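Listed below are the residues making up each chain.
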Amino acid sequence: MHLVRNKLIKLSCAVLLCACISGCTNAGGGDSDTGSVRVWLSNPAGGVWLTQQSSTDFSTSSESADATVRVVPSTQYQTMDGFGASMTESSAYLMKTYLDEDELKEVCENLFGADGIHITLLRQPMGASDFSLTAWTYDDTDDNSADENLENFSLDHEDTYIRPMLTLAYECSPGDLRLMATPWSPPAWMKTGLNLYGSSGGSLDEDYYDAYAEYFVKFLEAYKTAGTPVYAVTVQNEPEYAAPYPGMVMSASEQAAFIDVLAEKLAGSDVNSTLILGFDHNYDSLTYAETVLSSEASNAAGTAFHYYSSALSHSNLTTLHDEYPDEGIWATECGTGTWIGSGTETGMFLDIMMHTIRFPRNYAKSYITWNVALDQNGVPKLDSTSSTNIGLVTIRSNVRNSVTYTNTYYGLGHTSKFVSPGAVRIYSDSGSEATSNSTDNSDRIETCAYKNTDGSIALVLLNSYEASKNVKVKYNGEWFVYTVPAQSAVTFTW
């Protein structure tokens with residue numbers, strides 16, 4: 001098997017030209033010494049990716065530093081649902097088609113297992129997305145004839161690729177993996193334009209609100225029966241975008257009205273604990289989310305967001321939280337590729353780390369990237385335009401058993417590997433709080449800290465400076481100082 005950047009292969013410490021860091025072991029290995037604080041480093045310029053370093057100890061001795069980060073476990077924020085990606089049809093196809101059984105199991109262990117990056121949350125498309133082999137739903141009919149009783153409803157389309165890969169993911173992560181689900185489009189016969197594509201399919205016909213709500217219930221019950229229960233749904237992916245692939249424009253008032261119909265259907269079903277999330281689109285505006293949440297009869301448990309906008313708008317989520325403190329916030333699709341970070345390895349990694357820190361710091365209960373796997377050309381996909389997306393892994397489609405673990409894999413892993421579902425975000429200094437001389441997005445120390453259900457602490461830290469920085473971490477009256485290489489990320493656990 002051709003593995004590139006496989007975390008199971010020990011990385012040489014010689015590539016890291018920083019005298020303060022030593023003792024590399026595998027990312028999932030044991031401590032390299034007896035220090036109480038365990039350390040994992042990614043330094044793209046040095047070719048080091050989520051690799052365990054020598055541990056360090058807390059101390060009470062005085063020591064200067066370039067930045068100080070206080071971690072305060074008594075100041076707590078939201079409970080985390082998990083970190084993960086999406087097992088799209090494209091991802092499942094590549095995994096099942098181009099990996100032999102042993103290699104496939106190893107890749108799944110690296111993605112979902114405790115010794116890998118331990119993905120604990122999957123956002124599953126309900127039917128086709130832009131990253132599918134064909135356009136389809138669970139109730140397609142000849143000539144788009146109406147099927148109000150959903151007699152044609154079936155999950156059979158998933159049997160070839162998606163279902164086997166979901167089953168394997170659950171086997172690699174017993175008891176930890178959770179699913180949320182999102183439709184890109186209802187069946188075409190439910191839409192005013194009788195087409196799955198967002199650019200020509202029109203909107204959801206009001207006459208079929210009830211049938212579409214029942215469609216959700218059937219999907220949820222079928223997934224529960226299959227052993228992959230869904231704990232939350234959003235009702236429409238990117239409802240403000242008329243996509244050139246399966247999709248649908250849905251106004252905020254339409255979504256609020258449909259959510260109420262869906263909530264009533266769920267209440268009388270065996271899947272009545274399923275959360276309903278609104279919006280599920282970009283975070284640069286709150287108008288849509290506020291409209292859904294302010295609806296007089298709103299049954300939404302909260303709102304979901306993507307980050308595909310030119311402005312960095314993470315603080316909008318804190319604004320929304322302050323307006324609706326009892327409603328949850330989720331980051332549900334944060335795809336990556338050469339269109340971020342100037343397309344460089346280091347730039348993309350820094351961008352990924354920045355978002356995985358800033359979304360939870362602004363009350364997101366999840367951070368979900370996009371495709372688990374894509375090929376060397378960023379496909380398969382239905383949109384005919386070129387693709388610059390990358391998955392957590394790249395599986396080549398011109399040769400068997402060739403897998404590359406991408407910067408997205410390691411960027412997500414700096415949190416997903418160390419923060420368990422049910423962990424609580426706790427206070428830590430970040431940005432201008434930690435480095436008083438800078439608030440620039442590309443020149444700062446940023447952090448996010450968590451308290452796990454077992455009481456352990458995880459601190460994720462990003463040094464975006466073009467120089468190494470001595471960082472003092474203070475916790476319960478003690479501290480340690482650690483030198484973080486330029487443009488690198490570190491996760492500390494204790």
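For the structure, see preceding data.
Being a predicted model, the structure only gives us computed values, none of them experimental.

Cut-off values and rules
Residues numbered from 1 in each chain as written. Predicted model: local features only at pLDDT ≥ 70, side-chain atom pairs only at ≥ 80, totals over all residues. Heavy atoms only, no water. Phe/Tyr/Trp six-rings, centres within 6.5 Å; stacked < 30°, edge-to-face > 60°. Helix = DSSP H or I, 4+ residues; strand = E, 2+ residues; numbered from the N terminus. Buried < 20%, exposed > 50% of the residue type's maximum accessible area, 1.4 Å probe, protein only. Lys NZ or Arg CZ within 6 Å of the ring centre and 35° of its normal. Salt bridge = Lys/Arg side-chain N within 4 Å of Asp/Glu carboxyl O. Axes fitted to C-alpha atoms, helices over the stretch in contact; angles between N-to-C directions. Parallel < 35°, antiparallel > 145°, perpendicular 65-115°, else oblique. Contact = heavy atoms within 4.5 Å. Nonpolar A, V, L, I, M, F, W, Y, C, P; charged D, E, K, R; others polar. Pairing = 2+ DSSP bridges.

What is the right way to look at the packing of aromatic side chains in this model?
The description of an aromatic ring pair uses the distance of the two centres, along with the angle that the planes make with each other. Going through the model one piece at a time under the given rule, you end up with 38 aromatic pairs. On the numbers, 5.5 Å between centres and 85° between planes, the contact of W49 with F349 is edge-to-face. Residue W49 is found in strand β3 (residues 48-52), and its partner F349 is found in helix α8 (residues 345-361); the two are separated by 300 residues along the sequence. Take W49: its relative accessible area is 6%, and that puts it in the buried class. For F349, a relative accessible area of 0% gives the class buried. Centre to centre, the rings of F58 and Y475 are 5.9 Å apart; their planes meet at 35°, and the pair counts as tilted. With a gap of 417 residues between them, F58 in the loop between β3 and β4 (67-79) and Y475 in strand β21 (residues 469-475) connect regions that are remote in the sequence. By the burial criterion, F58 is buried, and Y475 matches it. A connected cluster of aromatic rings, assembled from ring pairs, spans W136, Y138, F153, Y209, Y212, Y215, F216, F219, Y223 and F258. The ring of Y231 has R178 lying over it, and the distance from NZ or CZ to the ring centre is 3.9 Å.

So what exactly am I meant to see when it comes to the pattern of salt bridges here?
For side chains bearing opposite charge, pairing can occur when the charged atoms are close. Across all of its chains, the model carries 13 salt bridges by this definition. A salt bridge links R163 to E158; the nearest nitrogen and oxygen atoms lie 3.9 Å apart. For the residue pair R163 and E158, the accessibility class agrees, reading buried in each case. Among the salt bridges present, the one from K265 reaches D210, with a minimum N-O distance of 3.4 Å. Here the residue K265 occupies a position in helix α5 (residues 252-267), and D210 occupies one in helix α4 (residues 209-225), the gap between them amounting to 55 residues. Salt bridges linked by common partners bring D81, R178 and K365 together as one network.

Help me out: how do you make sense of the packing of helix α1 (residues 89-98) against helix α3 (residues 162-172) in this one?
When two helices pack together, their arrangement is captured by the angle between the axes and the distance separating the axes. Between α1 and α3, the least distance of the axes is 9 Å, while the angle of their chain directions is 80°. Regarding the angle of α1 to α3, the classification is roughly perpendicular. Residues E89, A92, M95 and K96 of α1 touch α3, and the partners they reach there are I162, P164 and M165. A breakdown of the residues in the contact of α1 with α3 according to their chemical character gives five nonpolar, no polar and two charged.

Please clarify how the sheet that holds strand β8 (residues 230-234) should be interpreted in this entry.
One key point about sheets: their strands pair by backbone hydrogen bonds, in either a parallel or an antiparallel sense. Strands sit in the order β5-β6-β7-β8-β9-β10-β11-β13 around a closed barrel of eight strands; the barrel is parallel. In this sheet, adjacent strand axes meet at a mean angle of 30° when their direction is disregarded. Where strand β9 (residues 275-282) lies against strand β10 (residues 302-306), five bridges are found, and the strand directions are parallel. For H281, the partnering residue across the bridge sits in β10 and is F305.

I'm lost on the environment of S64 in this one. Help?
Residue placement: S64 occurs in the loop between β3 and β4. Taking the C-alpha atoms as reference points, S64 and L320, separated by 256 residues in sequence, lie 38 Å from one another.

Honestly, that's just the spatial picture; any functional story needs more than this.
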